[in-house]
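Here are the chains, one letter per residue:
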Amino acid sequence: MKAIEKLYAAIAQQFPDERITTKQAADAVGLTRGVTSSYLSKLEKQGKLVKTGSRPVYWQIKREKSAFDELIGFHGSLKNDINRAIEAIVYPGHGLPILIIGAHGTGKLSLARSVYHEAISRGIFTKESVFETIDCGKYKNKFNTLQREVQGVASEVQKAGFLYIKNLQVLRSEEQHELFMFASQQEKTNIRFIFSATTELSNKNYIDFNCAVVQIRLSSLNERPLDERIAFVGLFLQSQADKIGKNILISPHSLIKFAKFTNVGSISELNNRIQLMCAAAYAKTPNVNQLIINKVDKNSICIIPNQQLLETRITSLVTSALQLGPTANSLLENLSESLLAGETIAEQNFLVLKVLNQVDTTVSDSLLKELAQTIQQVSKEAITHQYGIVFQKDDNFWRYVALAFVFANLCSENLPAAESTHKLQTQIKKRYPRSHYLFKQLLIKMAPKNIQSAYYYLPFFVLMVQCSEKLESVHYNAILLTHGEHTASSIQQVVNTLCGNYFFEAFDMPIDVSIGQINEYVRDYLIDQGSSNKGNIILFDMGSLREMFREIKKVSDQELLVVNNVTTAMALDIGLRIQRNDIFQSIAEASQKYSSTTDAQYYEGLSNRKNIIVSCMSGVGLSEELKKLIEETLSPSLEVIALDYKHLHALLKNNDRQFFSNTQLILTTTDVSGDMGIDIINIYNIFDKSVSLKLETIFLQIGENQKSSNLLIERLLRFLSIEGIRGRLQILNPDVVIQESQDIVSHYENFYNVKFEPRLKLNLYMHLSLMIERMLVSTTVSENTFQEADLTPRKNDFISLSSGIFQHVEQKFNIKVQDYEIELLYQLLKDFIFTDK
Ligand SMILES: Nc1ncnc2c1ncn2[C@@H]1O[C@H](COP(=O)(O)OP(=O)(O)OP(=O)(O)O)[C@@H](O)[C@H]1O
């Protein structure tokens, strides 16, 4: 399968009816976002997906019209039942028998007929196929006759289609069992079976005997949502209008009253009642050209004969019956105004509750209770568990939350997308960014396809009223990023739960995640969560601190702290500091002290302070001493950074000027070239008047005074002299070591027939003396580091010559001069010994 087909298959399987973002699609197949996005666009052009929204864009599988679309509730209360029926239709081979259970008049036959039509439209049967019905009620105690009848239909070779066997509940359980067995053995005939019963079958034969029967349970009318019940009333009024040939006028109030009949459980009964009511109205005024049901008012709804009750008409009927449009619009407007005026969330909660009390959108308390329990459970999973926010247990609170969701559903199903959709959501996000983020997590779990609908943000004010203040008191965005399936999320859970507030978002990352992908997680989160007042804190497990900092800094220009080698204790400490509302600098500084294995960065580049880099080829020890000397002489505002020579090389190679933005000067012991516009001075050159003058100018420009600049240059000159070497050696006798160093240097001079200038000699004496002492105390022996590929004949000669030259000191001090040291020496000398170049 090609990647694009795989993507389509994955979406069709995992999100058959939902709208999803590009990221969700990318995660479903494990492709990058960029590739996924281009595939999704192609699929849309091919007519396989529907694209909606912008920032973010949503994608949804495009559906053909189905035979079920005729049924009221096809995308509401019947949605799951219809999915199950489709599974039975498309099951390979001969499909699967279906058993529909539901009280009288709940739509069993209607559903069975739709199954039949759907099978035709899917090409499983032709238009000539049949839909026959057998009513078991007629064969009470005459099971043999019933059996013959059923077998008769099934054995007609020419016949194809569905046999609908209703009222199964009147048969004895063994008889039901026989029918099920018979149905499941009809693989060679072209007849498929749909059974129906008005009550649960006492002995569940189809389960006991392992017959694969797809079961569907239909709810009674009073358990259906209000909009569906209104639609039924409309449907039956329409059929009366058609029949009588007259307009029917009904007030919204009366229409809702019918829809709310609590004692009518069956759709047929509702139909009968409406018929009787129309008959009564007709009897009163047979000669007028329109029937008036009860009293009419200025908002009355007119049902005209012979108009098909299309989906759009149903929704307009529902909205006008409930006055949904004006109510919802004015609520959205009031909320928007209240948010703009900076009123509290309690005020906004009040506005929503007021409307919920006006538009009582439900009559079934048991249904509402069930919904409330579901929302409570999902809130626990989506919010409390990961983010530590605990909601109150009060039943009345959850009842209102459920009511708000019912109202949201009613509006989003029946009203056109409100113009203010984006506005309200943006306002909520701006005013309550953290509460909004958590609420969105709940919506993603509960109603993913509705996260763009403004109406679904109405429950926000009801649910978040009590925790919002606490959530918004957090002024940082903190993220945990670790490799592995649960590491980040379990640290997150512990910290957020212990602190009782949402401080951290967590991302569990695959082992092979790239820095680019990590960056995407962070960027998406920062967009979704909105920027924080005080900055972003990112804790991660492993990887380059600098790279992470640099990459993330590109997506947000806010203060940024990145800390590596995260532990739960560290996250908890940062959580507590966030809770205390510490300033950024203090959190950043504290995070540098967690442990020796942890590092933190909170400024761009090498340092956030004005600095001088000191790097000596003869080891970081010498650099450290120089650092000390400079620190003692110049003002404390200047930072002196001692770097290993190799490290400096790598930094210069891999970074830009930005990285060294605060670096004023680099002091080295060799000539290092750099084109970054930073002054790089070989410290031995300060014996040169022009160089020492230049150094002095640099110090003055940095802001040092004349006195300390002069003093530093003086001290440096002393430091680099023979006297300086003496002072540096700690173990060996300086006279002996310096003599040895001088001998080595003159050996090189002799061999290569050159005369080194005094500055270079001083440098070499210092370098060699310190090297000998370093070798003496060093316990580690390095491997051979010479790379064959680098070995030119000259270098080879230099190495073999050096091993001869060093033999004497090696024996004398019982040391082994390592390859690395010879390499350094080669770098130091090559320009002076191969003078022909
Ligand atoms: N989802 C629906 N959409 C539109 N009309 C429906 C729907 N369900 C049922 N009806 C209508 O309700 C009435 C009763 O439905 P139906 O005869 O299918 O119920 P039933 O459960 O098979 O009844 P019984 O058990 O009495 O045989 C019919 O007029 C049917 O057209």
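Throughout, residues of each chain are indexed from 1 in the direction in which the sequence is written. Per-residue local features are limited, in this predicted model, to residues with pLDDT of at least 70; the limit for side-chain atom pairs, both in listing and counting, is 80 or more; totals at the level of whole chains, interfaces and linings are taken over all residues. Hydrogens and waters are ignored; side-chain quantities use all the structure's heavy atoms.

Draft legend 1. Quick look at the overall build of the protein. Each helix is a run of DSSP H or I of at least 4 residues and each strand a run of E of at least 2, with the numbering of both proceeding from the N terminus. Within the protein, the secondary structure is distributed over 34 helices and 20 strands. The C-alpha radius of gyration computed for the protein amounts to 41 Å, which surpasses the reference 28 Å derived for 837 residues by more than 25%, pointing to a less compact arrangement than a globule. C-alpha atoms of the protein, sized along the principal axes, occupy 130 × 65 × 45 Å. To sort residues, take the accessible area from a 1.4 Å probe on protein chains only and compare it with the maximum for the residue type: under 20% means buried, over 50% means exposed, and anything in between is partly exposed. Among the 837 residues that make up the protein, the fraction classed as buried is 51%. Contacts are assigned to residue pairs with any non-hydrogen atoms lying within 4.5 Å of each other. Across the protein, every contact between residues at least 6 apart in sequence was considered, and the portion connecting residues at least 24 apart equals 74%. Entry remark: accessible area of the protein is about 40200 Å², with carbon and sulfur atoms responsible for 50%. For this count, His and the chain ends are skipped, Lys and Arg are scored as positive, and Asp and Glu as negative. Every charge is mapped to an atom, namely NZ of Lys, CZ of Arg, CG of Asp or CD of Glu. When the 88 positive and 91 negative side-chain charges of the protein are each reduced to one mean point, those points stand 7 Å apart. Note that the radius of gyration is over C-alpha atoms, with the globule rule given as 2.2 Å times the number of residues to the power 0.38. The Shrake-Rupley method, run with a 1.4 Å probe, gives the accessible areas here. Residue values count only the displayed protein chains as cover.

Draft legend 2. Spotlight on the sheet that holds strand β14 (residues 535-540). Two strands form a pair only when DSSP identifies at least two bridges running between them. Pairing is mixed in the open sheet, where five strands are placed in the order β13-β12-β14-β15-β16. Of all the strands in the sheet, just β13 (504-509) and β16 (600-601) have a single pairing partner and so form its edges. Note that strand β12 (residues 476-483) and β13 share six bridges and pair parallel. What sits directly across from Leu 481, in β13, is Phe 507. Axis lines are fitted through C-alpha atoms, for helices just across the contact stretch, and the angle between N-to-C directions can take any value from 0 to 180 degrees. The strands that helix α21 (residues 487-499) touches are β12 and β13; relative to β13, the one it contacts most, it runs at about 160°. Seen against the sheet, helix α25 (residues 584-591) touches β12, β14, β15 (560-563) and β16 and runs at an angle of roughly 15° to β15.

Draft legend 3. View of the packing of aromatic side chains. Aromatic rings from Phe, Tyr and Trp, with only the six-membered ring used for Trp, were paired whenever their centres fell within 6.5 Å, and each pair was classed as stacked if the ring planes differed by under 30 degrees, edge-to-face if by over 60, and tilted otherwise. Evaluated as defined, the whole model comprises 27 aromatic pairs. Aromatic side chains Tyr 437 and Tyr 502 sit 5.8 Å apart centroid to centroid with 15° between the ring planes, which places their arrangement in the stacked category. Pair noted here: Tyr 437 is in helix α18 (residues 433-446) and Tyr 502 is in the loop between α21 and β13, with a separation of 65 residues, a long-range link. Here Tyr 437 matches Tyr 502 in class, with each residue buried. An aromatic cluster is built from Phe 405, Tyr 432, Phe 439, Tyr 456, Tyr 457, Phe 460 and Phe 461, whose rings are joined through pairwise contacts. Residue placement shows Lys 48 over the ring face of Tyr 8; its charged tip is 5.3 Å from the ring centre. Counting as a charge over the ring demands two things of the Lys NZ or Arg CZ atom: a distance within 6 Å of the ring centre and an angle within 35 degrees of the ring normal. Stacked on the ring of Tyr 502, the Lys or Arg Arg 434 has its end atom at 4.0 Å from the ring centre.

Draft legend 4. Seen up close, the sheet that holds strand β20 (residues 679-682). The strand order across the open sheet built from four strands is β18-β17-β19-β20, with neighbouring strands paired in parallel fashion. Strands with a single pairing partner mark the edges of an open sheet, and in this sheet they are β18 (639-642) and β20. Each neighbouring strand pair of the sheet contributes to a mean axis angle of 20°, computed without reference to strand direction. Here strand β17 (residues 611-615) runs beside β18; their pairing, made up of four bridges, is parallel. Paired with Ile 613 across the strands is Ile 641, a residue of β18.

Draft legend 5. Up close: the pattern of salt bridges. A pair is scored as a salt bridge if a Lys or Arg side-chain nitrogen falls within 4 Å of a carboxyl oxygen belonging to Asp or Glu. Scanning the entire structure with this criterion turns up 22 salt bridges. Here Arg 273 ties to Glu 269 by a salt bridge, and the two come within 3.9 Å at their closest N and O atoms. Of the two residues, Arg 273 and Glu 269 are both situated in helix α11 (residues 267-284); the distance of four residues between them amounts to about one turn of the helix. The partly exposed category is assigned to Arg 273, whose relative accessible area is 29%. Through salt bridges with shared partners, one network takes in Asp 573, Arg 577, Arg 580 and Asp 582.

Draft legend 6. Up close: helix α9 (residues 226-244). Residue count minus one, scaled by 1.5 Å, sets the expected span of a helix. The first and last C-alpha atoms of α9 sit 27 Å apart over 19 residues, in line with the 27 Å expected at 1.5 Å per residue. Across the 19 residues of α9, 14 count as buried, placing the element largely inside the fold. Just past α9, the residue Gly 245 takes up positive phi, approximately 75°.

Draft legend 7. Focus on the pairing of strand β7 (residues 191-197). In terms of residue burial, β7 counts as a mostly covered element, since seven of its seven residues are buried. Direction of pairing for strand β6 (residues 161-166) relative to β7: parallel, over a ladder of five bridges. Bridging from a neighbouring strand, Ile 165 pairs with Phe 195 of β7. Taken together, β6, helix α7 (residues 173-184) and β7 constitute a β-α-β crossover, and its handedness is right-handed. By definition, the crossover connecting two strands over a helix is right-handed if that path, from the first strand to the second, turns clockwise as seen with the strands pointing away from the viewer.

Draft legend 8. Seen up close, a nonpolar patch on the surface. Each patch is assembled from residues with relative accessible area greater than 30% and no salt bridge, linking like charges that lie within 9 Å and nonpolar side chains (Val, Leu, Ile, Met, Phe, Trp, Tyr) that lie within 5 Å. There is a patch of nonpolar side chains on the surface, built from Ile 731, Leu 776 and Val 777 and spanning about 260 Å² of accessible area. Within the fold, Ile 731 resides in the loop between α30 (722-728) and α31 (734-752).

Draft legend 9. Main features of the site of the ligand. What surrounds the ligand is a group of 16 residues, the closest being Ile 72, Gly 105, Lys 108, Leu 109 and Ser 110. Within the backbone of Gly 107, an N or O atom sits 3.0 Å from an oxygen atom of the ligand. In isolation the ligand offers 630 Å² of accessible surface; the protein chains occlude 79% of this area. Elements represented by at least two residues in the shell around the ligand include exactly α5 (108-121), α9 and α11. The element that contributes the greatest number of residues to the shell around the ligand is α5, accounting for three residues. Ten residues, namely Ala, Val, Leu, Ile, Met, Phe, Trp, Tyr, Cys and Pro, are considered nonpolar, four, namely Asp, Glu, Lys and Arg, are considered charged, and the remaining ones, Gly among them, are considered polar. When its residues are assigned to classes, the shell around the ligand shows eight nonpolar, six polar and two charged. A molecule or strand has a residue near it when one of that residue's heavy atoms lies within 4 Å. A 3.5 Å cut-off defines polar contacts: any pair of N or O atoms within that distance qualifies, except that in protein one atom must be a possible hydrogen donor and the other a possible acceptor, and neighbouring residues in sequence count only when both atoms are side-chain atoms.

Draft legend 10. View of the packing of helix α28 (residues 689-702) against helix α29 (residues 706-720). In contact at an axis separation of 9 Å, α28 and α29 are set at 140° when each is read in the N-to-C sense. The angle between the axes of α28 and α29 places the two elements in the oblique class. Relative to α29, the crossing made by α28 is right-handed. Side by side, α28 and α29 meet where Ser 692, Leu 695, Glu 696, Phe 699 and Leu 700 of the first sit next to Gln 706, Ser 709, Asn 710, Leu 712, Ile 713 and Leu 716 of the second. Taken together, the residues that form the contact of α28 with α29 break down as six nonpolar, four polar and one charged. Reported orientations rely on four angle classes, namely roughly parallel under 35 degrees, roughly antiparallel over 145, roughly perpendicular from 65 to 115, and oblique for the rest. Here is the rule for handedness: rotate from the far helix to the near one, and if that takes an anticlockwise turn smaller than a right angle the crossing is left-handed, while a clockwise turn gives right-handed.

Draft legend 11. Quick peek at the environment of Lys 369. Tracing the chain through its elements places Lys 369 in helix α15 (residues 365-387). Looking at Lys 369, the relative accessible area reads 59%, which means it is exposed. A sequence separation of 30 residues divides Lys 369 from Arg 399, and the C-alpha atoms of the two residues are 6.8 Å apart.

Draft legend 12. Representation of the packing of helix α6 (residues 143-155) against α7 in the model. The geometry of α6 relative to α7 is characterised by a closest axis approach of 12 Å and an angle of 10° between their N-to-C directions. By the angle between their directions, the pair α6 and α7 is classed as roughly parallel. For the pair α6 and α7, the contacting residues are Phe 143, Leu 146, Gln 147, Val 150, Gln 151 and Ala 154 in the first and Glu 175, Glu 178, Leu 179 and Phe 182 in the second. Considered class by class, the residues forming the contact of α6 with α7 number six nonpolar, two polar and two charged.

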